[in-house]
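Each chain is listed here by its residues.
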Amino acid sequence: MKKRALSIMIALAFVLVSFVGVHAASTVKIGFTYIMSGPFSAYGQFARQGAEMAIEEINAAGGINGQQVEGFFEDSTGKADVALRAIRKHVYQNKVDILIGLDSSGVAKTVVPSIEQMKTPLIITHAATPDVTGSVCNKYTFRISLNLAQNVKAASLLANETGAKKWTTVGPDYSFGHQSWEYFEKYLKQLNPQATFLPKDQVVFSPFKTTDFSSYITKVMNSKPDGVFISLWGGNLIDFVRQASSMGFFKQKYEVLFSLGAATEVLTALGDKMPEGLWVGTRYWFLANNSALNKKFVAAYFKKYGAYPSYNAHGAYSAVYAYKAAAEKAGSTDKMAIVNALEGLTIEIPTGVITFRKGDHQAVTDAHWGKTAADPNYPLRILKPIKIFKGKNVTPAISETGCSLGAAM
Amino acid sequence: MDFLLLNILNGLSWGMLLFLIAVGLTTVFGVLGVLNFAHGSLFMLGAYLCMQVMQYFDSFWLGLLLGPLCAVIIGVLVEKYLLKRVYNRDVSFQLLLTFAILLILDDGVRMIWGSGYHVVDPPELLAGIMTIAGQDYPVYRLFLIVIGPVIGGILWSFFHFTKWGKIIRAASFDNIMAEGVGINVPLIYTLVFALGTWLAALGGALAAPQQSLVPSMGEKIIIESFIVVVIGGMGSFPGAFVGALLLGLLGSFGTMFAGQLQMAIPYLLLAAVLLIKPNGLFKKGV
Amino acid sequence: MIVLKIKYHTLILTGILVTLLFLSPLVIPVYWVILLSEILIMGLMAVSFNLLLGYAGLLSFGQGAFFGLGAYTAALMLQAGYENLFLIFLAGILVAMLAALIVGFFSVRLDEIFFAMITLAFGMMFFSIAHNWRDVTGGSDGLPVFNLPNLQLFGLDLTFYSPISMYYLIFTTVLIALFLLWLVVHSPFGLILKATRENKQRVSFVGGNVRKLRIVAFTISGAFTGLAGVLFCLFNNMATPEFMHWSFSTKPIIMAIIGGTGSFFGPLFGAGIFFVLEQIIIRYTENWMFFLGIILVPVVLFFPQGVFGTLQNRFFKQRSK
């Protein structure tokens, strides 16, 4: 029996050892961590498409500093412990030079402290929580995508223009929804001291798994606000919009702002069921920027995948290029050199010119909002007019973020 | 007052959907003795199949008719080849087997239809809007409120006035006795599971015009229907009805008054019933 | 005689296993050391869970709550600046134990599916608290942990920032915990507990208080699950509400049944099989859940004693020939 046990052990050890990936050392390795499985895997697929397109383009053009780029994709499943395992696999097994990714805000917030221990730079491309470039920021963590504070600041500027006084919200009942409302309240109050906000027990935070929003819709309509700020996204947003339409929600006299309403996957699913004339925001809108770079990106993406790029595709695509720019600036792919090169880096990406601030590593990037409108040339609602809020006008001062990177340096 | 009325309607429309799911779950439990974790996935499957049929024929009614029937085929296969083997096993094996089926169905649907969001339109007949209490209200929701008791009533009559219904009831009370008097119990089991599957899938097809289709759409409803089945009394038909109404109304009124507590309400209710009346509010039986 | 022989062989096997686990960081790559750490933590959770399912015949669907309580206690103490690891372990265990005592007190009067449902209900109540009490628990985000304290032991100052040293902390803790659990299982208490599974009435006829026995078992199980939670928090630098959700509570169930609920070490092997399978499958496909389902079906249908249990039984039969 001892023998048999031993042989089983040896066989097991052999299986384990065979997993040690041996890779040629001559490539630049990028580790992507997104939600690749489960109900939100669509977001991971978009990101993967964007990332793969960027890698192909870069490799076709000679790579980074003459080295070819290799992408590794791991599944975060949207859970913090699994995401951390995926990141550890990137760092210790795939031996990547940089980490890119993270969809969920909660995951980002709890994973970021461990990034510091792994001494590997991370560019966040989707997760919007202000905390990862705020209260829990660190030297290795950057974010290229629009964060919650920037998006909501733009929303509050817009809300101020509408002149509506009494505001309420509908948001998902987790940190993202609560924080969105808190920031909205804070920013709009600064702009318009007369604005009032319904107290916590009268606004709506619907549990993430809600599929029937009718009682929430009734509750909001019953509170008779002048303006409604909505931070629902994804499937929640689709369900809400459809059910709200049929309950006459959009016929009322109040203003409606959707902070993530201009997401292409939502607008595509809703098609002509998305009412026209609603204010919607997003992290990237494929028609917002007329630059040559953006047109090239949208055309190439459409040609390759037959769809318009979503913000997640844009984030992953841009992060690869940001890494390329940093590596070329540093003249190396040494992790610390990359961190230093990313700090303060200014680069043009499809959405516009961005700068990674030294003080908190958040990209100063434009926020895009617009009114939904029908257009026969597009199968989904597009934005018309589009409102562009300049990055410097919507990005909070570093002193407000709670990040102490600047102070330490 | 208007506000109260609207909330009752909101609660009822969700509650009736919940009832369709829970009544299938509770009947299956009552006869087969298995609490089916994959019941919510059959709900989800019904919605997707309805959507698929609609893409071929462009008719919601055909989708409602054929979609659940396709799901029944899968249900029968599941019962005949998988569930059958665990009837005499420990409850942990039964739950784990149905959990495995849940995983296969949820991920399988994602592999077939993708993880993107799908949307189904209500039929033209019911797409309209009525004015209730000075507010727009979708006709489709009212249809849901009506269809629940209608199907419930048909089922009730089936169980009480037809031969097959009586046989099923007999089998649920004592399957050994039923076998003794010459009833083909394995066949009954298959039929009951097919019926449960059909009810779940029908619920899914009915829910499709209301909520976006995603592979995980069964997750919320399965836990809620577990709660309904337990508080109503495992295997109890009226229990499922009362439990579903209770949960539906608690849900809609909870959004008004419960605040932060809302998420915990169904679980508090579940624990309270189990502690005070462990066998649920109603006796087993249909 | 057979019993003695088996004990002897179990001892040798256990010795080999412990030695292999102790030496493995020297040979296997760092990522697999990290996975092994996770296997040990989840294995401890599964073995503690199996004290209920395998020995008392109780299917708990709320183990995640105790795991989460351990993790949150650790995270909160670390955030508050407590440096003493022993104190953190102790607090995590105590909090989980207390919660398990309360939940157990109400739950153990129920059996079978009713027990599963009431533990699910209690577990989800803890989840709701963790998810909604933002000021304390960090809400849905959970609590990130920034600093891991050093451990002063025998005049040494040990840090746990490297995956290898973290592994040894986990390895040692899990080893001690498993030994204690093993003692529990093989004590008179463990034997009577097992008897309640076989026949509840008979135990009460001979004067055993089934309810009390079950409460004690539930509390012990909760305490060790809490310890696993503390380790998981240290290992991942986080505590999140996900740990308390019912879907997390299915993990030890799956592991225990894959490995086999009939033997003490079965669930530990189940945890190992679970993670290794997952790693193999996700190399080829993103549909891990689908294949997990496909694998679970035959395990449930054809391995009633679990994979490890079935292997062990074959060996057992050979020995007793």
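Residues numbered from 1 in each chain as written. Chains lettered and ligands numbered in written order. Predicted model: local features only at pLDDT ≥ 70, side-chain atom pairs only at ≥ 80, totals over all residues. Heavy atoms only, no water.

**Brief notes about the overall build of chain B**
In terms of helices and strands, chain B carries 11 helices and two strands. Secondary structure elements in chain B, listed N-terminal to C-terminal, are α-α-α-α-β-β-α-α-α-α-α-α-α. Computed over C-alpha atoms, the radius of gyration of chain B comes to 19 Å, within 12% of the 19 Å expected from 2.2 N^0.38 for 286 residues, which places it in the range of a compact globule. The 286 residues of chain B split such that 65% are buried. Considering only residue pairs separated by 6 or more positions, chain B has 77% of its internal contacts joining residues 24 or more positions apart. Total accessible area on chain B is roughly 10,400 Å²; 69% of this is exposed by carbon and sulfur atoms. Side-chain charges in chain B split into 13 positive and 13 negative, and the spacing between the mean points of these groups amounts to 15 Å. (Helix = DSSP H or I, 4+ residues; strand = E, 2+ residues; numbered from the N terminus. Rg over C-alpha atoms; globule rule 2.2 N^0.38 Å. Buried < 20%, exposed > 50% of the residue type's maximum accessible area, 1.4 Å probe, protein only. Contact = heavy atoms within 4.5 Å. Areas by Shrake-Rupley, 256 points an atom, 1.4 Å probe, with all protein chains shown as cover. Lys, Arg positive; Asp, Glu negative; His and termini not counted. Charge placed at Lys NZ, Arg CZ, Asp CG, Glu CD.)

**Observations concerning the interface of chain C and chain B**
Contacts between the two partners involve 37 residues from chain C, matched on the other side by 38 residues from chain B. Both sides of the chain C and chain B interface together cover about 3,700 Å² of buried area, and 82% of this is carbon and sulfur. Here chain C and chain B share three residue pairs in polar contact (both at pLDDT 80 or more) between them. For the side of chain C that touches chain B, the secondary-structure elements that each account for two or more residues are α5 (112-132), α11 (246-259) and α13 (288-302) of chain C. Here the side of chain C that touches chain B gets 13 residues from one element, more than from any other, and that element is α5(C). In terms of residue class, the side of chain C that touches chain B is built from 28 nonpolar, six polar and three charged. (Buried area = accessible area lost by both parts, 1.4 Å probe. Polar contact = N/O pair within 3.5 Å; in protein donor to acceptor, adjacent residues only side chain to side chain. Nonpolar A, V, L, I, M, F, W, Y, C, P; charged D, E, K, R; others polar.)

**Considering the sheet that holds strand β4 (residues 122-124) of chain A**
Either a parallel or an antiparallel arrangement is found when strands of a sheet pair, and the pairing is made through backbone hydrogen bonds. Residue and element names in this part refer to chain A. On the basis of which strands lie adjacent, the open sheet formed by five strands has the order β2-β1-β3-β4-β5 and parallel pairing. Edge positions in the sheet fall to β2 (69-75) and β5 (141-143), since each has one partner strand and no second. The average undirected angle you get between the axes of adjacent strands in this sheet is 25°. Here three bridges tie strand β3 (residues 98-101) to β4, and the two strands are oriented parallel to one another. Looking at β4, one finds that G101 is bridged to I124. (Pairing = 2+ DSSP bridges. Axes fitted to C-alpha atoms, helices over the stretch in contact; angles between N-to-C directions.)

**Concerning the interface of chain B and chain A**
The parts lose accessible area when they come together, and the size of an interface is often stated as this lost area. Counting residues at the interface gives 35 residues for chain B and 36 residues for chain A. Between chain B and chain A, the buried area comes to about 2,800 Å², and carbon and sulfur atoms account for 52% of it. Of all residues in chain B, the largest losses of buried area upon contact with chain A belong to B:Y117, B:V119 and B:T255, amounting jointly to 21% of the total for that side. Inspection of the region where chain B meets chain A yields four salt bridges. Notably, a salt bridge pairs B:D136 with A:K251, separated by 2.6 Å at the nearest N-O pair. Along the contact surface separating chain B from chain A lie 15 residue pairs in polar contact (both at pLDDT 80 or more). When residues of the side of chain B that touches chain A are traced back to their parent elements, those giving at least two are α1 (2-32), β2 (135-138), α9 (218-232) and α10 (237-257) of chain B. (Salt bridge = Lys/Arg side-chain N within 4 Å of Asp/Glu carboxyl O.)

**Some words on the side chain of B:R141**
Relative to the assigned elements, B:R141 resides in helix α5 (residues 139-161). Here A:D212 takes part through its side chain, which lies 2.8 Å from a polar atom of the side chain of B:R141. Setting aside its immediate chain neighbours within four residues, B:R141 contacts A:D212, A:S214, A:Q243, B:S13 and B:Q210.

**Structural notes on α5(C)**
The end-to-end C-alpha separation of α5(C) is 30 Å, in line with the 30 Å expected for 21 residues at 1.5 Å each. With 18 of its 21 residues buried, α5(C) lies for the most part within the structure. (Expected span 1.5 Å × (residues − 1).)

**A short note on the sheet that holds strand β12 (residues 346-349) of chain A**
Residue and element names in this part refer to chain A. Taken in spatial order, the three strands line up as β12-β13-β14 in an open sheet, and their pairing is antiparallel. Two strands lie at the open edges of the sheet, namely β12 and β14 (363-364), each paired on one side alone. Where strand β13 (residues 352-356) meets β14, two bridges bridge the pair, whose relative direction is antiparallel. Paired with F356 across the strands is A363, a residue of β14.

**So, the nonpolar core**
Across soluble globular proteins, nonpolar side chains have a tendency to be buried as a group. Formed by 364 residues in total, the largest nonpolar core has its most connected members in A:W167, A:F184, A:F240, A:F249, A:L257, A:F258 and B:L206. Examining the composition of this core, we find that 20 residues originate from one element, helix α2 (residues 30-56) of chain C, more than from any other. Split by domain, the residues of this core number at least three in each of domain 1 (11-147 + 289-366) and domain 2 (149-285 + 368-393) of chain A. (Core = buried A, V, L, I, M, F, W, Y, C linked by side-chain atoms within 4.5 Å. Domains from an automatic or database assignment.)

**Examining the pairing of strand β11 (residues 279-282) of chain A**
In summary, the side chains of a regular strand alternate between the two faces of the sheet. All names here are of chain A. Of the two faces of β11, both are covered, the one formed by W279 and G281 as well as the one formed by V280 and T282. Note: strand β10 (residues 255-258) against β11, two bridges, orientation parallel. For F258, the partnering residue across the bridge sits in β11 and is V280. This β-α-β element, β10 to helix α9 (residues 264-270) to β11, shows right-handed connectivity. (Right-handed = clockwise from strand over helix to strand, strands pointing away.)

**With respect to helix α8 (residues 185-207) of chain B**
Residues separated by three or four positions in an α-helix point in the same direction, a consequence of the helix having 3.6 residues per turn. A rise of 1.5 Å per residue sets the reference length of α8(B), with its 23 residues, at 33 Å; its end C-alpha atoms lie 33 Å apart and thus fit the reference within 8%. Of all the 23 residues making up α8(B), 19 are buried; the element is thus mostly covered by neighbouring parts of the structure.

**Observations regarding the pattern of salt bridges**
Applying the stated criterion across every chain, the model contains 23 salt bridges over all chains. Notably, a salt bridge pairs C:E278 with A:R85, separated by 3.4 Å at the nearest N-O pair. Of this pair, C:E278 sits in helix α12 (residues 266-284) while A:R85 sits in helix α3 (residues 80-93), placing the two residues on different chains. For C:E278, a relative accessible area of 9% corresponds to the buried category. By relative accessible area, A:R85 is classed as buried at 5%. Taking the shortest distance from any N to any O, the salt bridge between A:D375 and A:K384 comes out at 3.8 Å. Residues joined in a network through salt bridges with shared partners are A:R85, C:E38 and C:E278.

**Here we look at the packing of α5(B) against helix α6 (residues 163-173) of chain B**
All names here are of chain B. At a minimum axis distance of 5 Å, the contact between α5 and α6 shows a crossing angle of 80°. Classed by the angle they form, the pair α5 and α6 counts as roughly perpendicular. Two secondary-structure elements touch here, α5 through F158, F159, H160 and F161 and α6 through K163, W164, G165, K166, I168 and R169. Looking at the contact of α5 with α6, its residues break down into five nonpolar, two polar and three charged. (Parallel < 35°, antiparallel > 145°, perpendicular 65-115°, else oblique.)

**Thoughts on the packing of aromatic side chains**
Within the structure shown, the criterion is met by 68 aromatic pairs over all chains. Taken together, a centroid distance of 5.2 Å and an interplanar angle of 70° make the contact between C:F232 and C:F243 edge-to-face. Of the two residues, C:F232 sits in helix α10 (residues 210-236) while C:F243 sits in the loop between β4 (238-239) and α11, which places them 11 residues apart along the sequence. What makes C:F232 buried here is its relative accessible area of 0%. Their ring planes at 45° and their centres at 5.5 Å tell us that C:F243 and C:F248 sit as a pair that is tilted. Each member of the pair, C:F243 as well as C:F248, is classed as buried. Aromatic rings pair up to connect A:F40, A:Y43, A:F46, A:Y174, A:F176, A:F208 and A:W233 into one cluster. Its guanidinium or amino end placed over the ring of C:F235, A:R88 lies 4.5 Å from that ring's centre, counting from NZ or CZ. (Phe/Tyr/Trp six-rings, centres within 6.5 Å; stacked < 30°, edge-to-face > 60°. Lys NZ or Arg CZ within 6 Å of the ring centre and 35° of its normal.)

**Observations regarding the environment of B:V242**
Residues and elements named next belong to chain B. By the element assignment, V242 lies in helix α10. Classification of V242 as partly exposed rests on a relative accessible area of 32%. For the pair V242 and Q94, spaced 148 residues apart in sequence, the C-alpha to C-alpha distance is 27 Å.

The quantities given are spatial measurements derived from coordinates; they are silent on function.
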